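Listed below, chain by chain, are the residues.
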Amino acid sequence: MPTKTQALVLDAVGADFVLRDIVVDDPLEDEILVKMKTSGICHSDISVQNGTIPVGPAFPCVLGHEGAGTVAKLGKGVTGFAVGDQVLLSFNFCGKCRVCETKQPGSCVAWGGLNFGLMRSDGGLNIGTQSESGDAVRGLFFGQSSFAGYTIASTKSCVKVAKDLDITYLGPLGCGVQTGAGTVLNVLKPTPNDTIAVWGLGGVGISALLAAKSLGVKTIIGVDIIQSRLDLAAELGATHVINGKDADVVEQIAKITGGDMLNYVVEATGAKPCMKLGWDSLGIFGKMAQVGAPKAGTEAPIEVFMGVAMQKTWVGVLEGNSYPPEFIPKLIEMVADGQMPVKKISQLFPIADFQKAIDAMNNGTVMKPILVF
C-alpha cells in the first residue's frame, strides 16, 4: 500500500524547494521504504537546484542524500534487513563491476546513472505522486532522496546500524563527513610529521580537518573566508587558520612551514582561485586532493612546469574513496570517541524551516544543517 508523507519537491533548475504532500509507492523487489528521522543538507543538493550538477530528465523530484531513519517496508527480494532496523543512507553503487569488487564503489562504472539518473531499479522514473496535483515525482537521488518523511532507497545505499544508536546527527556520515574524512584517511594518509591544509571549511572540509587531527598530524591549516568557520576550526584542532580575504595565503603557508610548503592539500571549494592557491602551496612530492566539484567543463588553473619539477600530484576524490558498509561504522566509532564531533558542526532544523536551513548553510553561519522530520 502506498505511503502518504511530506517531501521537499524541486520542480525545475532554479526553482525553490517546496514542501508538499506526496504519496510514495511501495518498494520494488530490491528496494527499501525508509521512514526518515533526519537528513543533512549538502552543497550537492543546492548544486542540482542551481544547475551546477545536471540530473535528469528529473523534474519534479525529491533530492537529499544524507538520510538517517528506520526500515518501514522491504522489497520481496531484500535480505540482510528487517522492518525496524535503523539505517544510515549513503550513495548507490552496482556492487558488481570491477571497481566495486575492489571496494571502491565511489568510482563504480555505473555511478552516474545510479546516483544522478533518478530511476527505480526496474528503469521506472517515479517514486510516487504529488497529492494535490497528481503529478508524478522522481527520486532515488544518490539512491535515496532523503528530503522526505518516507522515501524509497536502494539496498546498496542503506547501512544498518545498532537499534539503540542515536542517529539524529549521523545522516551526514553518508556523504559530507564521509567525503572529507575519507579523503584524508583513505587517500592522502598523512603521518604525524606531515603538513596539511584544507581549503573550504564547510561540512566536507571540517571533516577532513578532524580526520587529520585524529591521525596526529603536526601542522593542520584551515583556509576560508568566513571568520566563524575559521574560529571553529581552530577550536576543533587546526594548528593555524588563514582568512583568504585578509592574507596572502601562499606566503602565510610558506612562513608556517618554514619554506618547505605542504605535504598535502584538501581542496573542498571547487573554486578555481582556491585550486591554484592549493597547488602553489604544495612542496616537493606534495599531493592535492580535489574534492570540491566545479561545473562540468572547468579546467584546472595550474602551472605545470613546477608541478613536474617538484613531482606534485593532483588527484580527484569522490565520496572519500570509501566503502560505506565498512567506513560508516568506522566514522560512528570516531563520533563515539569524540574524534568526529558531529553535534559541534551541525544544527537541527524542523522540516518546515528548510529554507532557513539552506540559507544558514549558504551564508556560512551553519556548517551542516540537518532537517528533522
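Up top you'll find the structure we're talking about.
Residues numbered from 1 in each chain as written. Predicted model: local features only at pLDDT ≥ 70, side-chain atom pairs only at ≥ 80, totals over all residues. Heavy atoms only, no water.

### Re the nonpolar core
Note the following rule: Here, nonpolar core means buried Ala, Val, Leu, Ile, Met, Phe, Trp, Tyr and Cys residues that are tied together by side-chain atoms lying within 4.5 Å of each other. Here the term buried applies to any residue with accessible area under 20% of the maximum for its type, exposed to any over 50%, and partly exposed to those in between, with areas from a 1.4 Å probe on protein chains only. Segments assigned H or I by DSSP are reported as helices when at least four residues long, segments assigned E as strands when at least two residues long, and all are numbered from the N terminus. Contacts between residues were defined by any pair of non-hydrogen atoms, one from each residue, lying within 4.5 Å.
Leu88, Leu173, Ile196 and Val266 are the most contacted members of the largest nonpolar core, which has 46 residues in total. At the level of elements, β10 (158-161), α3 (176-188), β11 (195-199), α4 (203-214), α5 (227-236), β14 (262-267), α9 (324-336) and α10 (342-345) are the ones that each hand at least two residues to this core. Of the residues forming this core, the biggest block, seven residues, is contributed by α4. If we skip the residues at most four places from it in the chain, Leu173 touches Leu88, Gln178, Ile328, Leu331, Ile332, Val335 and Val342. Phe17, Ile22, Val48 and Val137 belong to the second-largest nonpolar core, a separate cluster that totals 42 residues.

### A closer look at the pattern of salt bridges
Rule in force here: The working definition used for a salt bridge is a side-chain nitrogen of Lys or Arg within 4 Å of a carboxyl oxygen of Asp or Glu.
Within the structure shown, the criterion is met by twelve salt bridges. With a closest N to O distance of 3.9 Å, Lys37 and Asp166 form a salt bridge. Here Lys37 is found in strand β3 (residues 31-40), whereas its partner Asp166 is found in the loop between β10 and α3, with 129 residues between them in sequence.

### Quick look at the side chain of Asp45
Just so we agree on the cut-off: Asp and Glu are treated as the negative residues and Lys and Arg as the positive ones, with His and the ends of the chain left uncounted.
With respect to the secondary-structure elements, Asp45 resides in helix α1 (residues 43-49). We note that Asp45 is buried and unpaired, the nearest opposite charge coming from Lys368 at a distance of 6.9 Å. Sequence-distant contacts of Asp45, defined by excluding residues within four places in its chain, comprise Phe17, Gly40, Leu63, Gly64, His65, Phe141 and Phe147.

### Re α4
Selection rule: A helix's residues, less one, multiplied by 1.5 Å, set its expected span.
In a regular helix each residue adds 1.5 Å, so twelve residues correspond to 16 Å; α4 covers 16 Å between its end C-alpha atoms and thus fits that length. Every buried residue of α4 is listed here: Gly203, Val204, Gly205, Ile206, Ser207, Ala208, Leu209, Leu210, Ala211 and Ala212. Phi turns positive, to about 75 degrees, at Gly216, one or two residues after α4.

### Some thoughts on α3
Basically, it comes down to this: Two axes are fitted around each residue, one to the seven residues ending there and one to the seven starting there, and the angle between them is reported as the bend at that residue.
Here α3 is 13 residues long and its end C-alpha atoms lie 17 Å apart, about the 18 Å a rise of 1.5 Å per residue gives. At Gly182, α3 shows its strongest bend, of approximately 40 degrees. Most of α3 sits out of view: twelve of its 13 residues are buried. For α3, the set of buried residues is Gly176, Val177, Gln178, Thr179, Gly180, Ala181, Gly182, Thr183, Val184, Leu185, Val187 and Leu188.

### Thoughts on the sheet that holds strand β4 (residues 61-62)
For clarity, the threshold we go by: Paired strands, in this sense, are two strands between which DSSP finds at least two bridges.
In space, the five strands of this open sheet follow the order β4-β1-β2-β7-β8, with antiparallel pairing throughout. Of all the strands in the sheet, the pair left with one neighbour each is β4 and β8 (136-137). Bridge count between strand β1 (residues 3-10) and strand β2 (residues 17-24): eight bridges; the pairing is antiparallel. Along β2, the bridge assignment pairs Leu8 with Leu19.

### Describing the packing of aromatic side chains
The following threshold applies: Pairing of aromatic side chains requires ring centres within 6.5 Å, counting the rings of Phe and Tyr and the six-membered ring of Trp. Pairs whose planes differ by under 30 degrees are stacked, by over 60 edge-to-face, and all others tilted.
Tallied over the entire structure, the rule returns ten aromatic pairs. Relative to Phe142, the ring of Phe141 has its centre 4.8 Å away and its plane inclined at 80 degrees; by these criteria the two rings are edge-to-face. By relative accessible area, which is 3% here, Phe142 ends up buried. An aromatic cluster of at least three residues, connected via ring pairs, comprises Phe91, Phe93, Trp111, Phe116, Phe141, Phe142 and Tyr323.

### Re the pairing of strand β12 (residues 219-224)
Quick note on the threshold: Classification remark: right-handed applies to a crossover when, strands pointing away from the viewer, the course from the first strand over the helix to the second runs clockwise.
In terms of burial, β12 is largely enclosed, as six of its six residues are buried. Where β11 lies against β12, five bridges are found, and the strand directions are parallel. Looking at β12, one finds that Ile196 is bridged to Ile220. Handedness of the β11-α4-β12 crossover: right-handed. In terms of strand pairing, β12 meets strand β13 (residues 240-243) through four bridges, oriented parallel. Note that in β13 the partner of Ile221 across the bridge is His240. This β-α-β element, β12 to α5 to β13, shows right-handed connectivity.

### Observations concerning the sheet that holds β12
Hydrogen bonds between backbone atoms are what pair the strands of a sheet, whose relative direction is either parallel or antiparallel. Rules: Helix axes are fitted to C-alpha atoms over the stretch in contact, other axes to C-alpha atoms as well, and angles between N-to-C directions run from 0 to 180 degrees.
Read from one edge to the other, the open sheet built from six strands follows the order β13-β12-β11-β14-β15-β16, with strand pairing classed as parallel. Because the sheet does not close on itself, it has two edges, and the strands there are β13 and β16 (313-316). When the angles between neighbouring strand axes are averaged without regard to direction, this sheet yields 15 degrees. Pairing analysis gives four bridges linking strand β15 (residues 282-290) to β16, with the strands arranged parallel. When the sheet's bridge partners are listed, Met288 is paired in β16 with Trp314. The sheet contacts of helix α7 (residues 272-280) involve β11, β14, β15 and β16, and relative to β15 the element is tilted by about 150 degrees.

### Overview of the side chain of Ser322
The condition is simple: Each polar contact in these results corresponds to two N or O atoms within 3.5 Å; when the atoms are within protein, one needs to be able to donate a hydrogen and the other to accept it, and residues that are neighboring in sequence are counted only if both atoms are side-chain atoms.
Within the secondary structure layout, Ser322 lies in the loop between β16 and α9. For Ser322, a relative accessible area of 1% corresponds to the buried category. At 2.9 Å, the side chain of Ser322 and the backbone oxygen of Glu319 are in polar contact. Setting aside chain neighbours within four positions, we find Ser322 in contact with Phe91, Lys103, Pro105, Gly106, Gln178, Asn186 and Phe327.

### Focus on the packing of α3 against α4
Just so we agree on the cut-off: Any angle that falls under 35 degrees is termed roughly parallel, while one over 145 is termed roughly antiparallel, one within 65 to 115 roughly perpendicular, and all others oblique. Handedness of a helix crossing follows the sense of rotation of the near helix relative to the far helix, less than a right angle counterclockwise being left-handed and clockwise being right-handed. By the convention adopted, Pro, Cys, Tyr, Trp, Phe, Met, Ile, Leu, Val and Ala count as nonpolar, Lys, Arg, Asp and Glu as charged, and the other residues, Gly among them, as polar.
Direction vectors running N to C along α3 and α4 enclose 40 degrees, while the axes themselves pass 7 Å from each other. Viewed along their axes, α3 and α4 adopt a mutual orientation that is oblique. Read as a crossing pair, α3 and α4 show a hand that is right-handed. Where α3 approaches α4, its residues Gly176, Val177, Thr179, Gly180, Ala181, Val184 and Leu185 are matched on the opposing element by Gly203, Val204, Ser207, Ala208, Ala211, Ala212 and Ser214. A breakdown of the residues in the contact of α3 with α4 according to their chemical character gives eight nonpolar, six polar and no charged.

The values reported here are purely geometric and, on their own, carry no functional implication.
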